[in-house]
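# Coordinate analysis (summary)
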Amino acid sequence: MLICIGVTAFTLSQFAKLIQHLLTLKYDWKFELFMVVGQLIFQLPFIYKKSFALKTDYYLNMLLVSLMGSLLLLPLLLLNHFYTISSMGNISYFFGAVVFMFFEHKRRVIKLLLPKFISYTWVLYRFIILIFII
């Protein structure tokens, strides 16, 4: 779990450097770490009545989806190291990774027999955070 959280926090903080001029605050790995842990806490009310094993499975799956999204960003980060890509290009690529993550999250939620709306609360959390950083 800690590896997933660490890689996700680091990768997203590196991506944030690409679009830092569009953000209202300094976005670093500590802020992203706080957001990842906050996401875990934010999701808890939606699964608190479930068994400990199911909660653990859900959190592991959610962290794996985040890790997958982070790994999807690595080619973009590498490409930006050698070439300058526009903010719109970076954001478009990021959005594509988020769409993939959403459908993968939804697939895993269904497989775990959890309510489908949990995938939407994952997006809701990120939109709430987005309001504060843009």
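What this report covers is the structure whose coordinates are included nearby. This one's a predicted model, so the numbers in the text were calculated from it and none came from an experiment. (Residues numbered from 1 in each chain as written. Predicted model: local features only at pLDDT ≥ 70, side-chain atom pairs only at ≥ 80, totals over all residues. Heavy atoms only, no water.)

### Considering the pattern of salt bridges
- Tallied over the full model, the rule gives three salt bridges.
- For Glu104, the salt bridge goes to Arg107, with nearest N and O atoms at 2.6 Å. Pair noted here: Glu104 and Arg107 are both in helix H4 (residues 87-111), with a separation of three residues, about one helical turn.
- Residue classification places Glu104 among the buried residues on the basis of a relative accessible area of 11%.
- In this structure, the salt-bridge partner of Arg108 is Glu104, at a minimum N-O distance of 2.7 Å. Of this pair, Arg108 and Glu104 both sit in helix H4, four residues apart, roughly one helical turn. Side by side, Arg108 and Glu104 carry an identical accessibility label, which is buried.
- Through salt bridges with shared partners, one network takes in Glu104, Arg107 and Arg108. (Salt bridge = Lys/Arg side-chain N within 4 Å of Asp/Glu carboxyl O. Helix = DSSP H or I, 4+ residues; strand = E, 2+ residues; numbered from the N terminus. Buried < 20%, exposed > 50% of the residue type's maximum accessible area, 1.4 Å probe, protein only.)

### Description of helix H3 (residues 52-82)
- End to end, H3 covers 46 Å across 31 residues, agreeing with the expected 45 Å (1.5 Å per residue, within 8%).
- Of all bends in H3, the biggest is about 25°, found at Leu73, and the proline Pro75 comes one to four residues later. (Expected span 1.5 Å × (residues − 1). Bend = angle between axes of the 7 residues up to and from the residue.)

### A few points about unusual backbone geometry
- Residue Leu113 is not a glycine yet carries a positive backbone phi of 60°.
- Note that Leu113 resides in the loop between H4 and helix H5 (117-133).
- For Leu113, a relative accessible area of 74% puts it in the exposed group.

### So, the packing of aromatic side chains
- Evaluation of the coordinates by the stated rule reveals seven aromatic pairs.
- Relative to Phe94, the ring of Phe15 lies with its centre 4.7 Å away and its plane at 10°, an arrangement referred to as stacked. Here Phe94 lies in helix H4 and Phe15 lies in helix H1 (residues 2-18), a separation of 79 residues in the sequence.
- Measuring from ring centre to ring centre gives 5.1 Å for Phe42 and Tyr125, while their planes differ by 45°; the resulting arrangement is tilted. Taken together, the residues span a long stretch of sequence, with Phe42 in helix H2 (residues 29-47) and Tyr125 in helix H5 at a distance of 83 residues.
- Overall, the relative accessible area of 8% leaves Tyr125 in the buried class.
- Joined through ring pairs, the aromatic side chains of Phe42, Phe46, Phe117 and Tyr125 make up one cluster. (Phe/Tyr/Trp six-rings, centres within 6.5 Å; stacked < 30°, edge-to-face > 60°.)

From the geometry alone we can't say anything about function, so treat these as descriptive.
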